[in-house]
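Examination of the molecular architecture
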Amino acid sequence: MNSNRGGGRGVWALAWQRYRQDRVGLVALAVVLLFGGLIFLTAWGWVAADWQRERALPYAPPDWIGPAPALAPILAAPSGPVLDLSAIDPLAPRYAAWAERTAYWRAQDGKVGKDGAQTMVRASTLPFGADRLGRDVWAKAVQGTRISVTVGVLAALLATLIGTTLGALAGFWGGRVGDVLEGFYNVFTAIPGILLILACAAVMGRGITSVVVILGLTGWTGVYRLVRAEFMKHAGRDYVRAAEAIGVSPGARMLRHILPNVSHGVLVQLSILVVGFIKYEVILSYLGLGVAIDQVSWGTLLAEAQSELMLGCWWQLATATAFMALFVTAFALMTDALRDALDPRLRGLEA
């Protein structure tokens with residue numbers, strides 16, 4: 001018998017061998033890695049660093065559609081006879097000049113000096129279109145990907161750490177420790193998850209840190225339930241009892257003997273939480289309870305796109321939806337393939 005098959009290295013090597021046989025899983029992994037590279041480049045400011053710059057005209061459509069003259073009447077001032085309001089409005093004589101200056105600033109980038117320096121004319125189209133301020137929708141979607149995925153991963157790590165720690169203590173020790181932790185678990189599961197998240201968000205306020213803490217503190221129950229059951233099962237097995245008989249401390253038995261044997265289930269739970277927490281972050285940001293107002297995420301993109309649909313400007317909604325759907329679908333498929341690779345009994349590879 002190969003001695004490496006029972007070790008940690010052999011287990012992960014066999015899991016990777018099984019994972020490579022899943023073509024869908026490999027494609028999903030490639031998509032996730034592509035998004036990861038894009039997030040890395042964005043975090044270092046190499047991609048979409050100027051997402052707040054107003055590069056185009058308001059509501060500029062994608063390049064393949066071309067300029068949209070139909071928006072001009074909507075954005076223009078109403079036509080008709082000009083009423084003399086100077087008797088009741090002292091600012092009325094300035095309206096015409098202000099309207100002319102506003103139209104000029106809409107078409108320029110605002111960087112013109114008294115020395116007559118040449119200005120850059122705003123683009124009438126962009127590859128993925130522009131929002132109501134003329135910002136590039138593609139750059140906003142890339143920045144939104146970085147924020148949403150970062151929040152999902154950090155919150156999932158926090159929830160997994162809490163759930164694994166509490167579940168290990170409850171499953172290994174049992175008794176009064178298990179009863180106390182089980183009561184703590186029942187309190188959290190008695191409240192509907194979305195209501196608990198919204199209540200905590202309303203109290204803690206907006207921001208990336210707040211969202212990560214909220215999701216982490218409210219989403220650990222699934223990991224706790226799994227880890228508690230696995231520790232209860234492994235705590236009575238022969239290899240753990242043998243370690244206890246030769247004087248191995250309880251902490252060493254938990255960390256060195258049991259935890260490596262349940263780590264594959266924890267890893268799968270972690271990847272599942274990432275997808276769920278990304279969805280929750282989108283909901284919170286859409287409702288105005290997520291990221292700060294000077295940041296952008298998939299949720300804020302969808303919230304802005306809601307009002308733009310009234311003008312027929314659908315490209316921000318389509319871009320945000322495409323980014324979110326592609327990443328979430330690829331990550332979910334990768335999670336399924338990872339679960340099958342780590343637990344071969346699901347595929348009938350082992351008895």
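Residues numbered from 1 in each chain as written. Predicted model: local features only at pLDDT ≥ 70, side-chain atom pairs only at ≥ 80, totals over all residues. Heavy atoms only, no water.

So, about the overall build of the protein. For the protein, the helix and strand inventory stands at 13 helices and zero strands. When the helices and strands of the protein are read in sequence order from the N terminus, they spell out α-α-α-α-α-α-α-α-α-α-α-α-α. Put simply, 73% of the contacts in the protein that link residues at least 6 apart link residues at least 24 apart. Taken as a whole, the protein presents about 19700 Å² of accessible surface, with 64% of it coming from carbon and sulfur. (Helix = DSSP H or I, 4+ residues; strand = E, 2+ residues; numbered from the N terminus. Contact = heavy atoms within 4.5 Å. Areas by Shrake-Rupley, 256 points an atom, 1.4 Å probe, with all protein chains shown as cover.)

Throughout the structure, instances matching the rule amount to 16 aromatic pairs. Judged by centre distance (5.0 Å) and plane angle (70 degrees), the rings of Phe184 and Phe188 are edge-to-face. Separated by four residues within a single helix, Phe184 and Phe188 lie in helix α6 (residues 175–190), roughly one turn from each other. Grouped by ring-pair contacts, the aromatic residues Phe35, Trp298, Phe323, Phe327 and Phe331 constitute a single cluster. (Phe/Tyr/Trp six-rings, centres within 6.5 Å; stacked < 30°, edge-to-face > 60°.)

Another aspect to go through is unusual backbone geometry. One non-glycine residue, Ala48, lies in the positive phi region at around 55 degrees. Within the secondary structure, Ala48 sits in the loop between α2 (23–43) and α3 (72–75). What makes Ala48 buried here is its relative accessible area of 9%. One non-glycine residue, Tyr59, lies in positive phi territory at about 60 degrees. Position of Tyr59 among the secondary structure elements: in the loop between α2 and α3. (Buried < 20%, exposed > 50% of the residue type's maximum accessible area, 1.4 Å probe, protein only.)

Our next topic: a nonpolar patch on the surface. A cluster of nonpolar side chains, namely Ile191, Ile194, Leu195, Ile283, Tyr286 and Leu287, defines an oily patch on the protein surface of about 510 Å² accessible area. Mapped by element, the contributors of at least two residues to the nonpolar patch are α7 (193–204) and α11 (250–286). Mapped onto the elements of the fold, Ile194 is located in helix α7. For Ile194, a relative accessible area of 33% translates into the label partly exposed. (Patch = residues over 30% accessible without salt bridge, like charges linked within 9 Å, V, L, I, M, F, W, Y side chains within 5 Å. Salt bridge = Lys/Arg side-chain N within 4 Å of Asp/Glu carboxyl O.)

The subject of this paragraph is the nonpolar core. Phe231 and Trp298 are the most contacted members of the largest nonpolar core, which has 67 residues in total. Discounting chain neighbours no more than four positions away, the residues touching Phe231 are Gly167, Ala168, Gly171, Phe172, Met254, Ile258, Leu259 and Val262. (Core = buried A, V, L, I, M, F, W, Y, C linked by side-chain atoms within 4.5 Å.)

Here we take up the pattern of salt bridges. Per the stated rule, a full pass over the model turns up eight salt bridges. In this structure, Asp136 and Arg55 form a salt bridge, with 3.2 Å as the shortest nitrogen-oxygen distance. You can see Asp136 sitting in the loop between α4 (95–107) and α5 (137–173) and its partner Arg55 sitting in the loop between α2 and α3, a full 81 residues away along the chain. Classification of Arg55 by relative accessible area gives partly exposed; the value is 34%. Between Arg135 and Asp131 there is a salt bridge, with its nearest N and O atoms 2.8 Å apart. As far as the burial class goes, Arg135 and Asp131 line up, both buried.

Further remarks concern the environment of Leu169. Mapped onto the elements, Leu169 comes out in helix α5. With 85 residues separating them in the primary sequence, Leu169 and Met254 have C-alpha atoms 8.8 Å apart. Excluding residues that lie within four positions of it along the chain, Leu169 makes contacts with Gly174, Val177, Leu181 and Met254.

In this section: the side chain of Ser297. Along the polypeptide, Ser297 turns up in the loop between α11 and α12 (298–308). Judged by relative accessible area, which is 0%, Ser297 ranks as buried. A distance of 3.0 Å separates the side chain of Ser297 from the side chain of Glu281, its partner in a polar contact. Look past the residues within four positions of Ser297 in its chain and what remains in contact with it is Gly144, Ile147, Ser148, Glu281, Ser285 and Val291. (Polar contact = N/O pair within 3.5 Å; in protein donor to acceptor, adjacent residues only side chain to side chain.)

What follows deals with helix α8 (residues 208–218). Here α8 has its buried residues at Ser210, Val211, Val212, Ile214, Leu215, Gly216 and Thr218. Buried residues along α8 sit in contact with α5, α7 and α11.

On the secondary structure map, Arg135 appears in the loop between α4 and α5. Relative accessible area serves as the criterion here: at 12%, Arg135 is assigned to the buried category.

Relative orientation of the contacting elements α5 and α12 amounts to 135 degrees, with a least axis distance of 7 Å. As summarised for this structure, α5 and α12 are arranged oblique, according to the angle between their axes. Within the contact between the two elements, α5 uses Lys140, Ala141, Gly144, Thr145, Ser148 and Val149 and α12 uses Trp298, Leu301 and Glu304. Of the residues that constitute the contact of α5 with α12, the class distribution is four nonpolar, three polar and two charged. (Axes fitted to C-alpha atoms, helices over the stretch in contact; angles between N-to-C directions. Parallel < 35°, antiparallel > 145°, perpendicular 65-115°, else oblique. Nonpolar A, V, L, I, M, F, W, Y, C, P; charged D, E, K, R; others polar.)

Attention now moves to the confidence of the model for the protein. Detailed reading of the predicted coordinates is not advisable wherever pLDDT is low. Counting all residues, the mean pLDDT for the protein is 83, and 80% of those residues have values of 70 or more. Ignoring residues within four places in sequence, the model shows residues 1–8, a span with pLDDT below 50, making five contacts including any to other chains. Confidence over residues 347–351 falls short of pLDDT 50; this stretch has seven contacts with residues more than four positions distant or in other chains. (pLDDT = per-residue confidence, 0-100.)

Okay, the packing of α7 against α8 next. Contact geometry for α7 and α8: axes closest at 10 Å, N-to-C directions at 145 degrees. Seen from above, α7 lies across α8 with right-handed handedness. Facing Leu196, Ile197, Cys200, Ala201 and Met204 of α7, the residues of α8 in contact are Ser210, Val213, Ile214, Leu215 and Thr218. Residues that form the contact of α7 with α8 fall into these classes: eight nonpolar, two polar and no charged. (Left-handed = near helix turned anticlockwise from the far one by under 90°.)

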